[in-house]
Every structure is written in structure tokens, then in C-alpha cells.
Amino acid sequence: MKKSFLLALLLLVVNWSFSQKKENKLIEQKIDQYIKEVIAINEIPGVALAVIKDGKIIYEKYYGKASLEENKAVDKNTAFKIFSTTKLITNVGVFQLIEQGKLSLEDPLSKYIDNLPKEWQTIQVKNLLSHSSGLPNIIMFEDIAITLPFDKKLAILSTKPMEFVTGSEYRYNQTNYLFLTKIIEKITGFTFDDYILKNQFPSMKSGIYFSSNFGENLPYSTPRYNYNSKTNKYIKNTSNFGFDAHSANGLNITLPNFIRWNDNLDKEVYIKTETKYSMWKPFTFTNNTDRFAYGWEIVPVNKVLSYGFTGGNETAFRKFPDHNLTIIFLSNGHKYSALYVQSQVINHVASIVDKTLTDEYYLAGEKINQDFLKLDIAKAEQNYQNIKNSNPDWNFEYRLNVIAYTLIDYGRLNDGIRLLELNTKENPKSGNAFDSLADGYFRNNQFEASKENYKKSLELKQDNSNAKEMLEKIEKILTKKS
């Protein structure tokens, strides 16, 4: 009897193991097929993708080229620029100091930074992390050169007006991370780079470095490629944001190193679990509408909360803690960068791995993107209407607008205008939709039609200063023609 029971148990384990391997293989094949389609539609040069489930790597693959010029393939040694996804690493560095009692979310800027305007002195660390500071955004001002020392940058920045009342809303802002850099350096006595490398990547000797000079490429790194719609070719991006931008966009990292970083985050190597969850706690904005954690974006996927960030419209890192799932997507360029491909990949791959994370609205939005890019405009519009007819409450105003401008930017002006016309029919009370349609007509030299739609936009959105300016411009053109 005992022997029969053990034999049955063994067979059960073997069958479960076989079934699990079969399921994992099927997941792998589905992700392969999907990623190849994404790469083809968006003409992405190179990609690295990892999926970590229940602490195990269930998917890690590399696609395409790390160097178009040298015809070099992406592999495990390829260091990707992760742009603003770097902020996640900075956030962990901040919370390490908080856990050690060296820093508090309530600490004011004036505790660490001198010569601040009076209005800035009471802004707190939590406002920097949540992008609720209201500080002027340093990258918006041409008179603040990246080569200036910090005190000179601060002196010029201090003359700029606040964007909004601190704590009232979310607005993404690079000044926040410039100040976080200086706070970290003040507390630790290290440069920002040395502090992060020592405390989060101590055993990783290669495939990890900081540089916000996108024109600088070290061995095994891949450049950032920007697609030129006029020449239909990729060119290397040579933008340089300077040393002070490292905390905001400067990390270059291989996928295996990023996987190890995630593993360390999960295993409490960097911070305790309770500290990690405090980092993911939603910040309370006074407008009660925005939602963001302490440096982490909060994304509900089929009503399940996930946490992460994206960078440069090319990279993304997202965790689904309640499902023990992490997805890392790295790339070195997208043809259609405005379409937020990296976030769509995260959501879609999550649905392949875990069916309970299937968000039909997100997947429908991705399909709409792909259809308008690869299909005849009439067929794409028909497919869109089928989706809307099945789900009349779903709103795709923003998506249609972005796709339309993508079509326009890539030489499909008439198709783009047709999509903008569809958007006004779908959203007849949207001043923004009519403003965009008016812009499309203006680009096509249809000035009377542009004029009528700018008027309609103003009726719906009376504070539309762009419409007012464009109506004056159109009147001058029409007067000149007559």
C-alpha cells in the first residue's frame, strides 16, 4: 500500500513537471512570436527582454543589432542606455539612506542645499521623488548650460518661476533628480556614481557604468538610435545631458546585471521589504486625481497594481509584486517612439505569462496602433470601429491623436488627417481633438477648414491660446491671398 502511494505520488510529480515544462515552452514561443512582430512593425534595431516569475528567470533573450554600423548582434554583454529608468536605481539609493536613518522624506531642501529661493526652502524630499515639487524644470532653459558648475546652475534656475504650488499635482521634472543627486552626495560624501555603484552594484565589474553623454559609447555598449523619417535611416543620437544628469538618465547596464539588481531588490539585499512597499505607496496630491508613488509609476493592469518606470521611450522595468512577476525590456531605438511601445510590451508579455493580467483595453489599444501602422487606412479604421462597437465605453482619444501625428510625421499626411477627422467624430466635445484636426488641415494648406476647426476648438476650450494664435496667423495668410 505504501509502495503504491509513493509510486502514485512520483507519477503525479513527474506529470506536473512535464506539464509545467510544456506550459513554459508554450509561453516562450508566444513571447518569441510577439516580440518579433513588435520589432518588425516598429523597426527596432536591438532588443533584450527578461521575464522573472516566482524568483526564476523564465525568459531571457536577445534580438537584433547592438551596432548597425558594425553589424554587431545584441547579446548578454550589451550595455543599454536605460535613460529615465535610471530613476528607479536612484530611488532605491534614496530609500537606503532613509532606512539607515540618514534621510527623511520630510526633510526640507534647505537642510542640504544652500542659497535656495525662500519659496523653495520648505520643499521636501518626498516632493522631489513624487514630482510634486513645482520647481522650474532645468532642461527647459537654454541659458543653463550643462557645463556650468552646480552653484551657477542653481543661481540661474533660482530666477525662474515655480510651475505650480508644491504638492498640488504631478509634473515630471528633471530638477527633482538634480537635487536628489546633491542630497545624496552631501549625506554620503561620495559622488553620486560611486555611491550607487558601491551600494547596489559592488560585485558587478563590467556591463555597468554611468554616462548621460549619449554620443559616448564604450566597448560592448549600444548607442541610442533615432530614426530619420526623411532619409528612412537610423542615426546615432549624440545628445549630452552632462554629469549632473546621471541620477536622472545616466545608467548603462546589461540585461543580466539588471536581472541581478532585481533579484537583490526582491531578496532584501538593498532595502527591507517594508521599506520597498513604503517606496511604492501612492503620494497624496492635493488635486486628488494624479497617481504616482515615491519615484515609481503605478500602473493598474486588469485592476492589478504594478510598479516601475520607462526611459527614453525605449526601455521599461515593471514589477507585479502580488503575482511575483518582473518584466525588463531594453532597446536601442524605435521608429515610432511616440507610441510608447515599451509599456505596451510590458503589458502584453504580462498577459502571456499570467492570464489574470490580461487587460483587454491595453491590448486593444496596442492593436489599434499596429493596425494603423501596417494596414491600409480603410481596413485599420474598420478594425477600430469593430473594437469600439464591442466596447463603446472605451475612449481612445489620446491614442488616435498620437497615431495620427505619427502618420503625418512619416509622410502619410492624408491618412493622418483622416484619423484626426475620425477623432473629432468620436470625441465631438473635445477641444483638443478639433485643435489637432485644425493643425492637420493647416499642414495640408487647407486654411479655411483649419480656420473653422480652430474656431470649434475655441468654443469647446476657451483657454486655448494656441487656437487664438493660429486663427490670427490664418487670417493673415487668407488676407494676403485675397
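A quick note: this is a predicted structure, and the numbers were derived from the prediction, not measured. (Residues numbered from 1 in each chain as written. Predicted model: local features only at pLDDT ≥ 70, side-chain atom pairs only at ≥ 80, totals over all residues. Heavy atoms only, no water.)

(A) Broad picture of the sheet that holds strand β3 (residues 72–73). The strand order across the open sheet formed by seven strands is β3-β2-β1-β12-β11-β10-β9, and the pairing between neighbours is antiparallel. Whereas interior strands pair on both sides, the edge strands pair on one side only; in this sheet they are β3 and β9 (297–301). Helix α8 (residues 255–266) rests against β1 (46–53), β2 (56–67), β11 (315–320) and β12 (325–331) of the sheet, and its axis sits at about 150° to β2. (Pairing = 2+ DSSP bridges. Helix = DSSP H or I, 4+ residues; strand = E, 2+ residues; numbered from the N terminus. Contact = heavy atoms within 4.5 Å. Axes fitted to C-alpha atoms, helices over the stretch in contact; angles between N-to-C directions.)

(B) Up close: helix α17 (residues 465–481). Here α17 contains 17 residues, and its C-alpha end-to-end distance of 25 Å stays within 8% of the 24 Å for a straight helix at 1.5 Å per residue. Every buried residue belonging to α17 is among Ala467, Met470, Leu471, Ile474 and Leu478, and all of these are buried. With its buried residues spanning 105° around the axis, α17 presents them on a single face. Opposite its buried face, α17 presents the exposed residues Glu469, Glu472, Lys476, Thr479 and Lys480, each directed more than 90 degrees away. Along its buried surface, α17 packs onto α15 (431–443) and α16 (447–460). Of the residues that open α17, the one with a side-chain oxygen 3.2 Å from the backbone nitrogen of Asn466 is Asn464. (Expected span 1.5 Å × (residues − 1). Buried < 20%, exposed > 50% of the residue type's maximum accessible area, 1.4 Å probe, protein only. Arc of directions from axis to C-beta. Polar contact = N/O pair within 3.5 Å; in protein donor to acceptor, adjacent residues only side chain to side chain.)

(C) Inspection of the nonpolar core at higher detail. Counting 68 residues, the largest nonpolar core has Phe179, Trp261 and Trp296 as the members making the most contacts within it. Apart from residues lying up to four places away in sequence, Phe179 is in contact with Leu109, Ile113, Leu116, Trp120, Leu128, Leu135, Phe150 and Leu154. Counting 53 residues, the second largest nonpolar core, distinct from the first, contains Ile31, Tyr63, Leu357 and Ile403. (Core = buried A, V, L, I, M, F, W, Y, C linked by side-chain atoms within 4.5 Å.)

(D) View of the environment of Lys319. The topology assignment puts Lys319 in strand β11. A C-alpha to C-alpha distance of 9.7 Å links Lys319 and Ile346, two positions 27 residues apart in sequence. Polar contacts involving the side chain of Lys319 include one to the side chain of Asn262, which spans 2.6 Å.

(E) Quick peek at empty space enclosed by the protein. Applying the stated rule across the entire model yields one cavity of 30 Å³ or more. Of the pockets and cavities examined, the largest cavity occupies roughly 60 Å³. Together, Val38, Ile41, Asn42, Leu339, Val341, Gln344, Glu366, Asn369, Gln370 and Leu373 line the largest cavity. Of all the secondary-structure elements, those providing two or more residues to the lining of the largest cavity are α1 (2–42), α10 (341–353) and α11 (360–374). When its residues are assigned to classes, the lining of the largest cavity shows five nonpolar, four polar and one charged. (1 Å grid on protein atoms, 1.4 Å probe; cavity = no way out; pocket = protein on both sides within 12 Å on 5 of 7 lines; lining within 4 Å. Points joined across faces, edges and corners; volume = space filled by probe spheres on them. Nonpolar A, V, L, I, M, F, W, Y, C, P; charged D, E, K, R; others polar.)

(F) Here's a closer look at the packing of aromatic side chains. Taken as a whole and judged by the stated rule, the model has 30 aromatic pairs. Considering the side-chain rings of Trp296 and Phe317, the 6.3 Å spacing of their centres and the 70° angle between planes classify their relative orientation as edge-to-face. Placement of the pair is Trp296 in the loop between α9 (273–279) and β9 and Phe317 in strand β11, with a sequence separation of 21 residues. Exposure remark for Phe317: the relative accessible area of 0% places this residue in the buried category. Relative to Phe396, the ring of Trp394 has its centre 6.2 Å away and its plane inclined at 90°; by these criteria the two rings are edge-to-face. Trp394 sits in the partly exposed class, given a relative accessible area of 21%. On the basis of relative accessibility, which here comes to 3%, the residue Phe396 falls in the buried class. The structure contains a cluster of three or more aromatic residues connected by ring pairs, namely Phe95, Tyr170, Tyr172, Phe283, Phe285, Phe292, Tyr294 and Phe309. When the ring centre of Phe83 is taken as origin, the NZ or CZ atom of Arg224, which lies over that ring, is 4.3 Å away. (Phe/Tyr/Trp six-rings, centres within 6.5 Å; stacked < 30°, edge-to-face > 60°. Lys NZ or Arg CZ within 6 Å of the ring centre and 35° of its normal.)

(G) Geometry of a nonpolar patch on the surface. A cluster of nonpolar residues, Ile139, Met140 and Phe241, forms a patch on the protein surface that exposes about 300 Å² of accessible area. Judged by its relative accessible area of 57%, Met140 is exposed. (Patch = residues over 30% accessible without salt bridge, like charges linked within 9 Å, V, L, I, M, F, W, Y side chains within 5 Å. Areas by Shrake-Rupley, 256 points an atom, 1.4 Å probe, with all protein chains shown as cover. Salt bridge = Lys/Arg side-chain N within 4 Å of Asp/Glu carboxyl O.)

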